[in-house]
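Chain by chain, the residues:
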Amino acid sequence: MRGLNSDEKENGEPMASKFISVLLAFSLMSAAKSSAQTTDAPKLTWDQLRAIPDHEGFAGAFAGVSGGALLVAGGANIPGDKWAEPFVKKWYDSVFVLTRPDAKWRTGFKLPRPLGYGVSISADDRLVCLGGSDSTTHYAEVFALFWHDGAIKRKALPALPMPCAMSCGALVGRTIYVAGGIETPTATTAMHNFWALDLDAPEPLWSELDPWPGPERMLAVAGALDGSFYLFSGAKLTAGDDGKSVREYLRDAYRFTPGEGWKRLADLPRATVAAASPAAALGSRLVIVSGDDGLNVTFQPVQKHPGFPRNALSYDMATDSWTVLDNVPISRATAPMVSWRERFIIPNGEVRPRVRTAEVWSLRLR
């Protein structure tokens, strides 16, 4: 095949000139498309609320809304030497209440036992706490916390089909969905479970549904948007040579729509294991903040770990695509996400392995 030189023409136009015109047009179209994607990406405003009144802060706390107040309950931290081998983790039964964004936290309220690393759902003006663990046991227990007349009240709900912790969940319409997790503290495989509880049923009971068409996982991120449940990332577990669990960091994503089932979505740009969950629903997007991408999982010395990624991933439901949002002021893992007063709250969590924070942050659209 012979090449064309600048003197050869097609329909009276120099071919080289035509080729350059096509390239220019393509470049302009690409630039316009890129600009549109940037313009459409959510612009977030970050604000810091009053910190939880605890020196360490908590990972794996429950959080939700009742009586117009924000409730943060339970969780765990490392009160002693964080860098000891082995270190000692402590679970808590504390409940903190914030009645307004500019108020002081109210204290002195308790869970029935120290508990953390369960699923938090705000429904029917109550914080629903599902499953979770303490230092020795995983639980199937489900209960709701109410803020009423300056006191915390508790009501039992149907227990999960089996004990689990480090699951994720979200409320879609009037149905609570729970996915993944681990059954025991020493488990070397994660769960491949998908459960649903219809809050409007005359006698609500958990249903066991077909799980997503991908690997089992724990510490995934849930989401709820436009009548569907979303499942993002998480970690698959296998047994290592020493018998302890080894994590495989996942980037796959799925959507469950009642009556239609599961659909695989575009993979995440990076893993977001233990990111704040459920993801923030902003317009037609779900935004996942920070989480562990697994790139520094073996970082040594652990005392100098650089922290989890300071960015967010925005999933666009309309285009099945992801946008990376930089300039996020925090790094977080094992923290809940709560919709409260037209903003999304991330209370406490881990900033890097073994290090918790008492900080409370909010994000919203500008």
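Residues numbered from 1 in each chain as written. Predicted model: local features only at pLDDT ≥ 70, side-chain atom pairs only at ≥ 80, totals over all residues. Heavy atoms only, no water.

**Q** Would you mind going over the overall build of the protein chain in detail, with residue names and values included?
**A** Assigned secondary structure in the protein chain consists of one helix and 32 strands. The buried share among the 366 residues of the protein chain stands at 52%. Residue pairs in contact within the protein chain that sit at least 24 positions apart in sequence constitute 54% of those at least 6 positions apart. On the protein chain, roughly 17,000 Å² of surface is accessible, and the fraction owed to carbon and sulfur atoms is 51%. (Helix = DSSP H or I, 4+ residues; strand = E, 2+ residues; numbered from the N terminus. Buried < 20%, exposed > 50% of the residue type's maximum accessible area, 1.4 Å probe, protein only. Contact = heavy atoms within 4.5 Å. Areas by Shrake-Rupley, 256 points an atom, 1.4 Å probe, with all protein chains shown as cover.)

**Q** Would you mind going over the pairing of strand S16 (residues 194-198) in detail, with residue names and values included?
**A** For S16, the buried fraction is high: four of the five residues fall into the buried class. In this structure, strand S15 (residues 175-179) lies alongside S16, joined through five bridges in antiparallel fashion. The partner of Ile176 across the bridge, within S16, is Leu197. Taken together, the three bridges between S16 and strand S17 (residues 206-208) define a ladder with antiparallel strand orientation. Within S17, the position partnered with Leu197 by the bridge is Trp206. (Pairing = 2+ DSSP bridges.)

**Q** Summarise the packing of aromatic side chains; cite the residues concerned and give the values.
**A** Applying the stated criterion across every chain, the model contains 19 aromatic pairs. Relative to Phe229, the ring of Phe194 has its centre 5.4 Å away and its plane inclined at 45 degrees; by these criteria the two rings are tilted. Placement of Phe194 in strand S16 and of Phe229 in strand S19 (residues 228-232) is noted, with a sequence separation of 35 residues between them. Under the relative-accessibility criterion, Phe194 is labelled buried at 1%. Phe229 gets classed as buried once you look at its relative accessible area, which sits at 0%. Geometrically, the ring pair formed by Tyr230 and Tyr315 is tilted, given 6.1 Å between the ring centres and 55 degrees between the ring planes. A residue pair is termed long-range when its members are at least 10 positions apart, and Tyr230 in strand S19 and Tyr315 in strand S26 (residues 312-316) qualify at 85 residues. (Phe/Tyr/Trp six-rings, centres within 6.5 Å; stacked < 30°, edge-to-face > 60°.)

**Q** Could you give me a rundown of the pattern of salt bridges, with the residues and numbers involved?
**A** Close approach of charged atoms allows side chains of opposite charge to pair. Counting across every chain of the model gives 15 salt bridges. Note that Arg356 and Glu350 form a salt bridge whose closest N and O atoms lie 3.6 Å from each other. By the burial criterion, Arg356 is buried, and Glu350 matches it. Taken together, the salt bridges that share partners define one network made up of Asp124, Arg126, Arg174 and Asp200. (Salt bridge = Lys/Arg side-chain N within 4 Å of Asp/Glu carboxyl O.)

**Q** Before we move on, can you summarise the sheet that holds strand S13 (residues 151-157) with the specific residues and values?
**A** In spatial order, the strands read S10-S11-S12-S13; together these four strands make up an open sheet with antiparallel pairing. Of all the strands in the sheet, the pair left with one neighbour each is strand S10 (119-122) and S13. Each strand axis lies, on average, 25 degrees off the axis of its neighbour in the sheet, ignoring direction. In the sheet, strand S11 (residues 127-130) pairs with strand S12 (residues 142-148) via four bridges, with the strands oriented antiparallel. Among the inter-strand pairings, Leu130 is bridged to a residue of S12, identified as Val142. (Axes fitted to C-alpha atoms, helices over the stretch in contact; angles between N-to-C directions.)

**Q** With reference to specific residues and values, describe the sheet that holds S15.
**A** Whenever strands of a sheet pair, they do so through backbone hydrogen bonds, lying parallel or antiparallel. Taken in spatial order, the four strands of this open sheet run S14-S15-S16-S17, and their pairing is antiparallel. Each end of this open sheet is capped by a strand with a single partner; those strands are strand S14 (168-172) and S17. Strand-to-strand twist across the sheet, computed as the mean angle between neighbouring axes with direction ignored, equals 25 degrees.

**Q** Give me the nonpolar core: which residues, what numbers.
**A** Ranked by size, the top nonpolar core spans 19 residues in total, and within it Tyr117, Met166, Ile182, Met218, Leu219, Val273 and Ala274 carry the most contacts. Ignoring sequence-local partners within four residues, the contact set of Val273 consists of Leu219, Ser233, Gly234, Ala235, Arg247, Tyr249, Gly291 and Asp292. (Core = buried A, V, L, I, M, F, W, Y, C linked by side-chain atoms within 4.5 Å.)

**Q** With reference to specific residues and values, describe the confidence of the model for the protein chain.
**A** Across the protein chain, the average pLDDT comes to 90, with 89% of residues at 70 or higher. When pLDDT is averaged over each helix and strand of the protein chain, the minimum, 36, is found for strand S1 (residues 9-10) and the maximum, 99, for S19. When the criterion is pLDDT under 50, residues 1-39 qualifies, and its contacts beyond four places in sequence or with other chains add up to 14 contacts. (pLDDT = per-residue confidence, 0-100.)

**Q** Tell me what's going on with the pairing of S26, and back it up with residues and numbers.
**A** When you tally the buried positions in S26, you get five out of five residues, the bulk of the element. A two-sided burial pattern is seen for S26, the buried positions comprising Ala312, Ser314 and Asp316 on one face and Leu313 and Tyr315 on the other. Here five bridges tie strand S25 (residues 285-289) to S26, and the two strands are oriented antiparallel to one another. Each bridged residue has a counterpart across the sheet, and for Leu286 the counterpart in S26 is Tyr315.

**Q** Report on the environment of Pro309, specifying residues and quantitative values.
**A** As for its position among the elements, Pro309 is in the loop between S25 and S26. C-alpha of Pro309 to C-alpha of Asp293: the two residues are 16 residues apart in sequence and 7.2 Å apart in space. Leaving out residues up to four positions away in the same chain, Pro309 has contacts with Arg270, Ser290, Gly291, Asp293, Ile330 and Ser331.

**Q** Mind laying out the environment of His138, listing which residues take part and the relevant values?
**A** Within the fold, His138 resides in the loop between S11 and S12. Considered as a pair, His138 and Gly116 are 22 residues apart in the sequence and their alpha carbons are 9.6 Å apart. If near-sequence neighbours (up to four positions away) are discounted, His138 is found in contact with Gly132, Ser133, Pro163, Cys164, Ala165, Ile182, Glu183, Thr184 and Pro185. In this structure the side chain of His138 is engaged in a polar contact, spanning 3.3 Å, whose partner is the backbone oxygen of Glu183. (Polar contact = N/O pair within 3.5 Å; in protein donor to acceptor, adjacent residues only side chain to side chain.)

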